[in-house]
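Take a look at the letters that make up each chain.
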Amino acid sequence: MFTPQRTSWALAVVLGGTLLAVPPTAHATAPASGPAVSGAPAAAAAATGLDDPAKKDIAMRIVSSAENSSLDWKAQYKYIEDIGDGRGYTAGIIGFCSGTGDMLDLVEHYTQVKPGNVLATYLPALRRVDGSDSHAGLDPNFTRDWAKAAQDTEFKKAQDHERDRVYFNPSVKQGKSDGVGTLGQFIYYDAIVMHGDGGDATSFRSIRGRALAKAKPPAQGGNETTWLNAFLDARVWAMKQEEAHSDTSRVDTAQRVFLKKGNLNLTTPLDWKVYGDPFHIG
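Small disclaimer: the values here were computed from a predicted structure and weren't measured.

*Asks:* Residue-level account of the overall build of the protein chain, with values.
*Replies:* Check the secondary structure of the protein chain and you find 10 helices and 7 strands. The proportion of buried residues among the 282 residues of the protein chain is 55%. Sequence separation of at least 24 residues holds for 64% of the intrachain contacts in the protein chain that already meet a minimum separation of 6. Total accessible area computed for the protein chain in this model is approximately 11,100 Å², and 53% of it derives from carbon and sulfur atoms.

What follows is the structure, encoded as structure tokens:
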């Protein structure tokens, strides 16, 4: 059910309009664009965007169609497996990984709000395996205990919290700073979920940088559709640099479809395909 494209990276938090790196993976990100220039469309930045609860649910369902081959994203709190991508265990609603730091951050947060939980004893092991694909100290019971923790409402809340802190809020913040609407914010979110925001050539920051060499976002006086096409071009290039991401249908037959229709507000009904499978939100 889960595709090999499901990946995750520890990202950044937003402070004062600039995305700043957080340990342990020390990812950095591009500074947010400056204020809208005279005559630039400001409505998209001012309007409620992907952070509207209904739009956020749509975003989670679209991402789940690519990550999980299902629109039922709420069924994924308990998910955990090693998909063989070099990132150790991948788990939960956004693909927290034992090898990339965000799973460690999640379990640390969960333990802060609920000391003595079933996963707390794995914190030393999670710290040791961070940055590797090792299961040392996690097997044989970590997957069982993860599924057990996923029955706990507090663990579900912790996953939601870390998704928002590390992935969702930074992408929406950057999108609004760039002057893009709901679709653009979703395009950013999907890119951050897959690529993270480190200093490498395929990170969100680098994708945005490649797009800036070709076009300007609305906040800098550019056309929104032109900018998002440039961003998606850069995203496709980044995806093709890694075999696990080389199927670009989540861009080609999903995000491009919405963009070509001029659906910048991600208004339902929505129809798209991922890996050839059709999906619909009415």
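*Asks:* So what's going on with the nonpolar core? Residues and values would help.
*Replies:* Core analysis: the biggest nonpolar cluster contains 70 residues, and Phe-142 and Tyr-189 have the highest contact counts within it. Non-local contacts of Tyr-189, meaning those with residues more than four positions away in its chain, are made with Leu-50, Ala-59, Met-60, Val-63, Ile-94, Arg-163, Tyr-167, Phe-168 and Ser-171.

*Asks:* Account for the packing of aromatic side chains, with residues named and values stated.
*Replies:* The full count for this structure, using the stated rule, is 13 aromatic pairs. Ring geometry for Trp-146 versus Phe-155: centroids 4.9 Å apart, planes at 85°, classification edge-to-face. Its relative accessible area of 0% is what places Trp-146 among the buried residues. Ring centres 5.2 Å apart and planes at 80° place the aromatic pair Phe-168 and Tyr-189 in the edge-to-face group. Here Phe-168 is found in helix α6 (residues 153-178), whereas its partner Tyr-189 is found in helix α7 (residues 182-195), with 21 residues between them in sequence. The same class applies to Phe-168 and to Tyr-189, which are both buried.

*Asks:* So, the packing of helix α8 (residues 204-212) against helix α9 (residues 224-239): which residues are in play, and what are the values?
*Replies:* Here α8 crosses α9 at 130°, and the two axes come no closer than 8 Å. It follows from the interaxial angle that α8 and α9 lie oblique. For α8 against α9, the interelement crossing comes out right-handed. Counting all contacts with α8, which are made through Phe-204, Ile-207, Arg-208, Arg-210, Ala-211 and Leu-212, the residues of α9 involved are Trp-227, Ala-230, Phe-231, Ala-234, Arg-235, Trp-237 and Ala-238. Of the residues that constitute the contact of α8 with α9, the class distribution is 10 nonpolar, no polar and 3 charged.

*Asks:* Account for the sheet that holds strand β3 (residues 80-82), naming residues and giving values.
*Replies:* Read across the sheet, 3 strands follow the order β3-β4-β5 without closing on themselves; strand pairing throughout is antiparallel. At either end of the open sheet lies a strand with only one pairing partner, and these are β3 and β5 (96-97). Sheet topology places β3 next to strand β4 (residues 89-91); 3 bridges connect them, and they run antiparallel. Note on β4: the bridge partner recorded for Ile-80 is Ala-91.

Criteria and thresholds
Residues numbered from 1 in each chain as written. Predicted model: local features only at pLDDT ≥ 70, side-chain atom pairs only at ≥ 80, totals over all residues. Heavy atoms only, no water. Helix = DSSP H or I, 4+ residues; strand = E, 2+ residues; numbered from the N terminus. Buried < 20%, exposed > 50% of the residue type's maximum accessible area, 1.4 Å probe, protein only. Contact = heavy atoms within 4.5 Å. Areas by Shrake-Rupley, 256 points an atom, 1.4 Å probe, with all protein chains shown as cover. Core = buried A, V, L, I, M, F, W, Y, C linked by side-chain atoms within 4.5 Å. Phe/Tyr/Trp six-rings, centres within 6.5 Å; stacked < 30°, edge-to-face > 60°. Axes fitted to C-alpha atoms, helices over the stretch in contact; angles between N-to-C directions. Parallel < 35°, antiparallel > 145°, perpendicular 65-115°, else oblique. Left-handed = near helix turned anticlockwise from the far one by under 90°. Nonpolar A, V, L, I, M, F, W, Y, C, P; charged D, E, K, R; others polar. Pairing = 2+ DSSP bridges.

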